[in-house]
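Residue-level listing of the chains:
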Amino acid sequence: EIDPFAYDPVKARALLTSAGYPNGFRMTLAYTVGRYPKDQELGEVVASYLEAVGITVEQRPLEWGGFQAARNAGTIGTHQWGLLTSPTSYSNFTYYITGARYQWHQMTLEFDRLFYVLEQEIDDAARGLLAQQMSRIMHEEVPLIFLVAPDDVYGASNKLVGFTPRPDQMLWFYDVDLLP
């Protein structure tokens, strides 16, 4: 029930001005090249969107090894990254909890509190309400910008039975078999 953010360059310029950047600012945007389909093209498009609202972007295209090295060294800065995440909100929320092993961004103390309540809740309806509250906080805090969720294409022999593609691109073959 949360509306996605619309692409609105006029509003973006107004927000920059109200934040004290009427003439924009300079930034570096790192992105992968050759790791994901169209990753470089997407990085270039994102840079052009930022430049359209007055932000001067130095593009930093990196092959995967260089990208990982910079990320691990903590020198990557603002970056665009293809990432497959679990389709469950619970798993995705763990990236935003204070002190989490793979913490990407720190949300609010209320977000942390709701997560720990969610973690102990067993009623599905109550878990859904908690996840909705946490999603609203994420929408207000904007820890990152979700760009695309590409469709996957799978091909398989007619002899393959039990294969069902998953929304997280994990390939589980526990129930898959080949007909003789």
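Residues numbered from 1 in each chain as written. Predicted model: local features only at pLDDT ≥ 70, side-chain atom pairs only at ≥ 80, totals over all residues. Heavy atoms only, no water.

Before going further, it helps to spend a moment on the overall build of the protein chain. Within the protein chain, the secondary structure is distributed over 6 helices and 5 strands. Shown N-terminal to C-terminal, the secondary structure of the protein chain runs as helices and strands in the order α-β-α-β-α-β-α-α-α-β-β. Along the first, second and third principal axes, the C-alpha atoms of the protein chain reach 65 × 40 × 35 Å. Expressed as a percentage of its 180 residues, the buried residues of the protein chain come to 21%. (Helix = DSSP H or I, 4+ residues; strand = E, 2+ residues; numbered from the N terminus. Buried < 20%, exposed > 50% of the residue type's maximum accessible area, 1.4 Å probe, protein only.)

The sheet built from 3 strands is open, its strands ordered E2-E1-E3 with parallel pairing. A single partner strand is all that each edge strand has here, and the edge strands are strand E2 (56-62) and strand E3 (79-80). In terms of strand pairing, strand E1 (residues 26-32) meets E2 through 7 bridges, oriented parallel. Opposite Tyr31, over in E2, you have Pro61 as the bridge partner. (Pairing = 2+ DSSP bridges.)

Moving on, we come to the environment of Arg136. Residue position: Arg136 is located in helix H6 (residues 124-141). The class of Arg136 is partly exposed, set by a relative accessible area of 41%. Note: C-alpha distance between Arg136 and Asp175 (39 residues apart in sequence) is 37 Å.

Mapped onto the elements of the fold, Leu179 is located in the segment after strand E5 (177-178). Judged by its relative accessible area of 43%, Leu179 is partly exposed. Each C-alpha atom, one on Leu179 and one on Asn92, is 37 Å from the other, the two residues being 87 residues apart in sequence. The contact partners of Leu179, leaving out residues within four places of it in the chain, are Asn158, Lys159 and Val161. (Contact = heavy atoms within 4.5 Å.)

Turning to the nonpolar core, a few remarks are in order. Among the nonpolar cores identified, the biggest contains 13 residues, and Phe93, Met107, Phe111, Met134 and Met138 are the most heavily contacted of them. Those elements that provide at least two residues to this core are helix H5 (109-120) and H6. Setting aside anything within four residues of it in sequence, one finds Phe111 in contact with Phe93, Tyr96, Ile97, Met134, Ile137 and Met138. One finds Met27, Tyr31, Ala47 and Ile55 within the second-largest nonpolar core, a separate group that totals 9 residues. (Core = buried A, V, L, I, M, F, W, Y, C linked by side-chain atoms within 4.5 Å.)

Here the focus is a nonpolar patch on the surface. Taken together, the side chains of Phe5, Val142, Ile145, Leu147 and Val148 present a nonpolar region at the surface, about 520 Å² in accessible area. Within the secondary structure, Leu147 sits in the loop between H6 and strand E4 (160-161). Take Leu147: its relative accessible area is 45%, and that puts it in the partly exposed class. (Patch = residues over 30% accessible without salt bridge, like charges linked within 9 Å, V, L, I, M, F, W, Y side chains within 5 Å. Areas by Shrake-Rupley, 256 points an atom, 1.4 Å probe, with all protein chains shown as cover. Salt bridge = Lys/Arg side-chain N within 4 Å of Asp/Glu carboxyl O.)

A positive phi angle, close to 60°, is found at Lys38, a residue other than glycine. Positionally, Lys38 belongs in the loop between E1 and helix H2 (39-52). Although it is not a glycine, Val142 sits at a positive phi angle of roughly 50°. Within the secondary structure layout, Val142 lies in the loop between H6 and E4. Of the residues examined, Val142 reaches a relative accessible area of 37% and is grouped as partly exposed.

Quick look at the packing of aromatic side chains now. Evaluated as defined, the whole model comprises 9 aromatic pairs. Taken together, a centroid distance of 5.4 Å and an interplanar angle of 85° make the contact between Trp172 and Tyr174 edge-to-face. Through a chain of ring-to-ring contacts, the aromatic side chains of Tyr36, Trp64 and Phe67 assemble into a single cluster. The aromatic ring of Trp64 is capped on one face by Arg35, whose charged end is 4.2 Å from the ring centroid. (Phe/Tyr/Trp six-rings, centres within 6.5 Å; stacked < 30°, edge-to-face > 60°. Lys NZ or Arg CZ within 6 Å of the ring centre and 35° of its normal.)

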